[in-house]
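# Coordinate inspection notes
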Amino acid sequence: MKNIRNFCIIAHIDHGKSTLADRLLDYTGSVTEREKQDQLLDNMDLERERGITIKSHAIQMDYVFEGEKYVLNLIDTPGHVDFSYEVSRSIAACEGALLIVDAAQSIQAQTISNLYLALENDLEIIPVLNKVDLPSANPEEVTDDIVDLLGCDPEEVIHASGKTGFGVDNILKAIIERIPAPVGEPNEPLQALIFDSVYNPFRGVETYFRVINGSIKKNQQIKFIATGKTYGADEVGTLKLKQQPKQEIKAGDVGYVITGIKEAKEVKVGDTITDSANPTKNAIGGFEDVKPMVFAGIYPVDTEDYEELRASMEKLQLNDASLVFAPESSAALGFGFRCGFLGMLHMEIIQERLEREFNMTVITTVPNVSYHAFTNKNPDEVIIVNNPSDLPEPSTLNRVEEPYIKATIITKSDFVGNVMSLCIEKRGQITNQTYLTTERVELNFDMPLAEIVFDFYDRLKTVSKGYASFDYHPIGMKQSKLVRLDVLLNAQSVDALSALIHADNAHNIGKKMCEKLKELIPRQQFDIPIQAAIGAKIIARETVKALRKDVTAKCYGGDISRKRKLLEKQKKGKKRMRQVGNVEIPQQAFMAVLKLN
Ligand code: GTP
């Protein structure tokens with residue numbers, strides 16, 4: 001155990017985490033030329049394109065240092081707040097972290113939020129000044145920033161370049177010398193932390209774990225404490241580029257186990273694995289059953305594809321346990337599914353995977369958080385509202401509650417004013433303001449979750465010129481003046497366009513919503529009135545004027561190929577349209593309420 005080191009790499013996006021991980025694998029001879037790909041740790045195509053490591057993985061390296069053999073386990077962490085729970089569990093499996101800072105960009109938002117997560121878990125931090133090869137690198141200044149942030153000595157900051165390989169030897173030396181070896185009791189009952197799982201269509205779910213105490217052996221009967229289920233450990237091993245089956249994984253080490261589980265949702269990140277005959281008394285702390293934060297309807301563009309969509313979602317759920325869905329129907333869109341996601345990025349990923357991997361064309365409706373409603377008849381009975389149409393009639397409503405969060409924002413003092421205005425606009429209440437240094441300020445707000453899941457990040461990034469780190473945790477439900485804003489097209493209410501919003505904003509949003517829809521809905525052969533309503537009260541109105549002439553009429557006398565082109569264009573535009581009554585609605589219209597500013 002004394003020659004094991006478990007560590008992760010934390011960094012702001014694009015500061016060079018994947019590139020440096022590759023260099024570590026190269027240097028330790030963990031990859032053969034043939035196995036080399038550009039970005040070894042990012043497996044899925046989608047991940048590579050977005051440059052975000054969506055799922056955490058782990059890899060083991062062997063390294064001889066001063067005549068001693070060491071085992072280095074690198075645990076990768078996803079870099080987006082949608083997956084912050086997974087990040088926290090990956091960090092909990094380590095004793096140390098490389099904190100990578102781009103020598104040209106210096107400390108950025110995620111550097112700070114990730115650092116705090118690592119410090120909360122008492123990790124040893126090794127600061128790495130990366131990309132020193134860049135002509136725009138500013139090593140002295142950025143080193144000062146790092147020293148300020150960590151309170152370390154300038155000598156502790158390792159200068160490196162993932163591109164040239166400079167400094168990689170020093171990083172490995174620091175991993176061995178500075179990160180403590182794991183401590184654990186090999187003879188205690190098994191206690192292992194699940195930090196990730198990967199779905200394999202042939203072998204079932206592979207569960208990644210870090211053994212805290214005891215050991216896990218091939219063919220052992222093991223139990224997952226949170227789910228209470230027992231399995232046989234058909235195969236255990238360590239994670240090299242390819243999996244290496246082993247007889248036993250001991251305290252302090254990292255490995256995988258295959259038990260024949262076929263569904264991702266049986267394996268919960270943060271759960272504790274123990275021996276079923278001789279179980280540990282203590283589950284590892286910090287386990288949470290991750291709940292979806294954002295709900296939206298997903299409907300097939302073509303109503304006939306409903307069953308195919310269901311089959312695709314079921315397959316997706318096999319390997320993505322955080323996706324939940326239930327059938328729902330909409331008067332406007334027909335049959336579809338109400339889906340729960342970890343956040344907006346997760347929602348986009350699911351939508352994209354449905355389209356790419358399953359060839360589905362879908363319509364997604366306005367996302368919302370989960371509300372609690374109470375009626376006058378039963379003021380103590382919670383009605384969970386995951387869909388605006390589930391909100392009881394306003395006249396029968398006793399009250400509505402919405403989820404609140406405590407937000408922590410760290411920014412430069414120059415941007416405090418901007419950040420405060422944004423948070424107040426988003427119904428936030430400032431609870432605290434602390435100057436960390438003369439330059440950096442920490443702000444705390446209580447805010448409705450609904451206000452931050454949508455465009456908050458982008459807005460925050462803009463008003464702070466990218467220099468704001470942001471984190472939040474839920475603080476429970478609070479009563480709120482919420483109303484359902486309905487939209488009528490051609491005097492018909494379109495349920496899929498309804499949204500729950502704060503009463504004080506209703507008139508303003510209703511008006512903007514009508515204006516936006518007017519832009520988005522194509523003109524047709526007749527006038528289309530667009531109305532926004534709260535209950536029976538119409539609060540705004542616009543009209544899409546009828547189209548007088550055939551589209552091609554414009555090309556009257558023009559050549560035929562031009563005409564054909566125009567028709568083709570129209571056809572393409574149609575792909576994502578949905579016929580509701582006699583009005584055609586494009587996909588963007590269903591998201592219009594989110595794009596009002
Ligand atoms: P995410 O996975 O998206 O968080 O990014 P990352 O932190 O893994 O960054 P990645 O390794 O993908 O590198 C980001 C960009 O910086 C890429 O274009 C790399 O080629 C480049 N890069 C990484 N390390 C270095 C370096 O040491 N020097 C120079 N000049 N460029 C680098």
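Residues numbered from 1 in each chain as written. Predicted model: local features only at pLDDT ≥ 70, side-chain atom pairs only at ≥ 80, totals over all residues. Heavy atoms only, no water.

As recorded in an unreviewed UniProt entry, the chain goes by the name Elongation factor 4, listed as coming from Neotamlana nanhaiensis. Regarding the chain, the relevant UniProt record gives this comment under Subcellular location (unreviewed entry): "Cell membrane". Quoted verbatim from the Catalytic activity (unreviewed entry) heading of the UniProt record, the comment on the chain is "GTP + H2O = GDP + phosphate + H(+)". (UniProt positions renumbered as here; feature names shortened; annotations may be inferred.)

To continue, consider the sheet that holds strand E19 (residues 334-341). A sheet is described by the order of its strands in space; here four strands give the open sequence E18-E19-E17-E20, paired in antiparallel fashion. Looking at the sheet topology across the chains shown, the edges are occupied by strand E18 (324-330) and strand E20 (362-364). Taking the axes of each pair of neighbouring strands and ignoring which way they run, one obtains an average angle of 30° across the sheet. Bridge count for strand E17 (residues 294-300) against E19 is five bridges, and the pairing is antiparallel. Within E19, the position partnered with Phe295 by the bridge is Gly340. Contacting E17, E18, E19 and E20, helix H7 (residues 306-319) runs over the sheet at an angle of about 15° to E19. (Pairing = 2+ DSSP bridges. Helix = DSSP H or I, 4+ residues; strand = E, 2+ residues; numbered from the N terminus. Axes fitted to C-alpha atoms, helices over the stretch in contact; angles between N-to-C directions. Contact = heavy atoms within 4.5 Å.)

On to the domain arrangement of the chain, then. Taken as a whole, the chain is organised into domain 1 (4-178), domain 2 (191-275), domain 3 (294-365), domain 4 (371-480) and domain 5 (484-595). Contacts between domain 4 and domain 5 engage eight residues on the former and six residues on the latter. Summing the contributions of domain 4 and of domain 5, the shared interface buries around 740 Å²; its carbon and sulfur component is 69%. At the boundary of domain 4 and domain 5, one finds zero salt bridges. Between the two partners, domain 4 and domain 5, sit two residue pairs in polar contact (both at pLDDT 80 or more). Along the lines of polarity and charge, the residues of the side of domain 4 that touches domain 5 split into five nonpolar, two polar and one charged. (Domains from an automatic or database assignment. Buried area = accessible area lost by both parts, 1.4 Å probe. Salt bridge = Lys/Arg side-chain N within 4 Å of Asp/Glu carboxyl O. Polar contact = N/O pair within 3.5 Å; in protein donor to acceptor, adjacent residues only side chain to side chain. Nonpolar A, V, L, I, M, F, W, Y, C, P; charged D, E, K, R; others polar.)

What follows concerns helix H8 (residues 344-358). Three- or four-residue spacings in an α-helix give side chains the same orientation, since the helix completes a turn every 3.6 residues. Over its 15 residues, H8 extends 20 Å from the first C-alpha to the last, a length consistent with the 21 Å expected when each residue adds 1.5 Å. Buried within H8 are the following residues: Met344, Leu345, His346, Met347, Ile349, Ile350, Gln351, Arg353, Leu354 and Phe358. Two residues or fewer past H8, Asn359 is found with a positive phi of approximately 60°. (Expected span 1.5 Å × (residues − 1). Buried < 20%, exposed > 50% of the residue type's maximum accessible area, 1.4 Å probe, protein only.)

Examined against the element boundaries, Thr274 turns out to sit in strand E16 (residues 272-275). Only 2.9 Å separates the side chain of Thr274 from the backbone nitrogen of Thr280, close enough to count as a polar contact. Excluding residues within four positions of it along the chain, Thr274 makes contact with Leu190, Gln221, Ile222, Lys223, Ile225, Pro279 and Thr280.

Turning to the UniProt feature "binding site: GTP" (unreviewed entry) in the chain, a few remarks are in order. Feature annotation in UniProt places "binding site: GTP" (unreviewed entry) on Asp14, His15, Gly16, Lys17, Ser18, Thr19, Asn130, Lys131, Val132 and Asp133, given in this structure's numbering. The topology assignment puts Ser18 in helix H1 (residues 17-27). Relative to the assigned elements, Asp133 resides in the loop between strand E5 (124-130) and helix H5 (139-150). With relative accessibility at 33%, the residue Asp133 sits in the partly exposed group. Non-local contacts of Asp133, meaning those with residues more than four positions away in its chain, are made with Ser161, Lys163 and Thr164.

For the rest of this paragraph, the subject is unusual backbone geometry. Positive phi values are uncommon outside glycine, yet Lys131 reaches one of about 65°. Within the element layout of this structure, Lys131 appears in the loop between E5 and H5. Lys131 sits in the partly exposed class, given a relative accessible area of 22%. Look at Asn219: it is not a glycine, yet its phi comes out positive at around 70°. Tracing the backbone through its elements, the reader meets Asn219 in the loop between strand E9 (215-217) and strand E10 (221-224).

What follows is about the pattern of salt bridges. With the rule as written, the count across this model stands at 26 salt bridges. In this structure, Asp289 engages Lys268 in a salt bridge whose closest nitrogen and oxygen atoms are separated by 3.5 Å. Of this pair, Asp289 sits in the loop between E16 and E17 while Lys268 sits in the loop between strand E15 (254-258) and E16; the two residues are 21 residues apart in sequence, bridging distant segments of the chain. Here Glu307 and Arg310 are joined by a salt bridge, their closest N and O atoms 3.5 Å apart. Of the two residues, Glu307 and Arg310 both sit in helix H7, three residues apart, roughly one turn of that helix.

Attention shifts here to the side chain of Asn73. Mapped onto the elements, Asn73 comes out in strand E3 (residues 68-75). At 2.9 Å, the side chain of Asn73 forms a polar contact with the side chain of Gln60. Not counting chain neighbours up to four residues away, the residues in contact with Asn73 comprise Ile4, Arg5, Asn6, Phe7, Ile59, Gln60, Asp253 and Val254.

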